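Chain residues, written in single-letter form:
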Amino acid sequence: MPIRNRGGWAPQSYPMMKTETNRRRFLSAGSAVLAGAMTTPVWSASAPSKGKRIGFVDKDLNGYHPRVFLKAMRESLKDRGFTLAGCHGTMEAEGREWAAKNDVAFFSDIRKLNDAVDCYMILAPSNPETHLEMCQKVFPFGKPTYVDKTFAPDVATANRIFSLADRLGTPIQTTSAL
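About the thresholds
- Residue positions are counted from 1 within each chain, in the order its sequence is given.
- The predicted origin of the model limits local features to residues at a pLDDT of at least 70 and limits the giving and counting of side-chain atom pairs to 80 or more, whereas totals for whole chains, interfaces and linings rest on all residues.
- Side-chain numbers come from the whole structure's heavy atoms, not from hydrogens or water.
- Centres within 6.5 Å make a pair out of two Phe, Tyr or Trp rings, where for Trp the six-membered ring is used; the pair is then stacked when the planes are under 30 degrees apart, edge-to-face when over 60, and tilted otherwise.
- Runs of E in the DSSP output that reach at least two residues are strands. Runs of H or I that reach at least four are helices, and both are numbered from the N terminus.
- Residue burial is assigned from relative accessible area. The probe radius is 1.4 Å, only protein chains are included, and a residue is buried under 20% of its type maximum, exposed over 50%, and partly exposed in between.
- Whether two strands pair depends on DSSP finding at least two bridges between them.
- Here an angle of 0 to 180 degrees is reported between the N-to-C directions of two axes, which are lines fitted to C-alpha atoms, with helices fitted over the stretch in contact.
- Throughout, a residue-residue contact means that at least one pair of heavy atoms, one from each residue, lies within 4.5 Å.

Here we take up the packing of aromatic side chains. If you walk through the whole model with that rule in mind, you get 4 aromatic pairs. A centroid spacing of 6.3 Å and a plane angle of 75° characterise the contact between phenylalanine 69 and tyrosine 146, whose relative ring orientation is edge-to-face. Note that phenylalanine 69 is positioned in helix 2 (residues 64-74) and tyrosine 146 in strand 6 (residues 145-148), a separation of 77 residues in sequence. By the burial criterion, phenylalanine 69 is buried, and tyrosine 146 matches it.

Attention shifts here to the sheet that holds strand 6. In a beta sheet, neighbouring strands are held together by backbone hydrogen bonds and run either parallel or antiparallel to one another. If you trace the 5 strands from one edge of the open sheet to the other, you get 4-3-5-6-7, paired in parallel fashion. Strands at the two margins of the open sheet, each flanked by one partner only, are strand 4 (83-89) and strand 7 (172-175). Ignoring strand direction, the axes of neighbouring strands in this sheet form an average angle of 20°. Where strand 6 lies against strand 7, 4 bridges are found, and the strand directions are parallel. Of the residues in strand 7, the one forming a bridge with tyrosine 146 is glutamine 173. Along the sheet, helix 5 (residues 131-138) contacts strand 3 (53-58), strand 4, strand 5 (119-122) and strand 6; its crossing angle with strand 5, the most-contacted strand, is approximately 170°.

Given below as structure tokens:
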């Protein structure tokens, strides 16, 4: 079955067929956002700098993925220099609690989170129906964005997310990074 990528439809055996330039732009923008960072040292180890400050956007930050990604950034990937600079959860009370427990800044206003980050990770893997709404919040800033799997609940929604990214010029990547 063909899959949709930023360059159009491609056979599954060639998912990056027409997207190599966009993928390179995404990676060079400093947001391999763990997926590429897990395998290739892109930056030298140093204090968090431009390109390395990540913002989590999730429905419920108490899930498995925020916990595992944060642990990876603070432990096994610490030398890569990525840092979780802030988070936003649509379940605000629970999100604030998670942020306080993990010593992460919580932002109820996504615009203020944007000032603190270089790239985004849209999580909510158990709630792919929320990804379009989350993408609508962060894509207008034009920052590289990783959208966790499951990318979308259906093909129509996936196409809307890709179209939004294309229209706004926001580099995106999706995969199962865990």
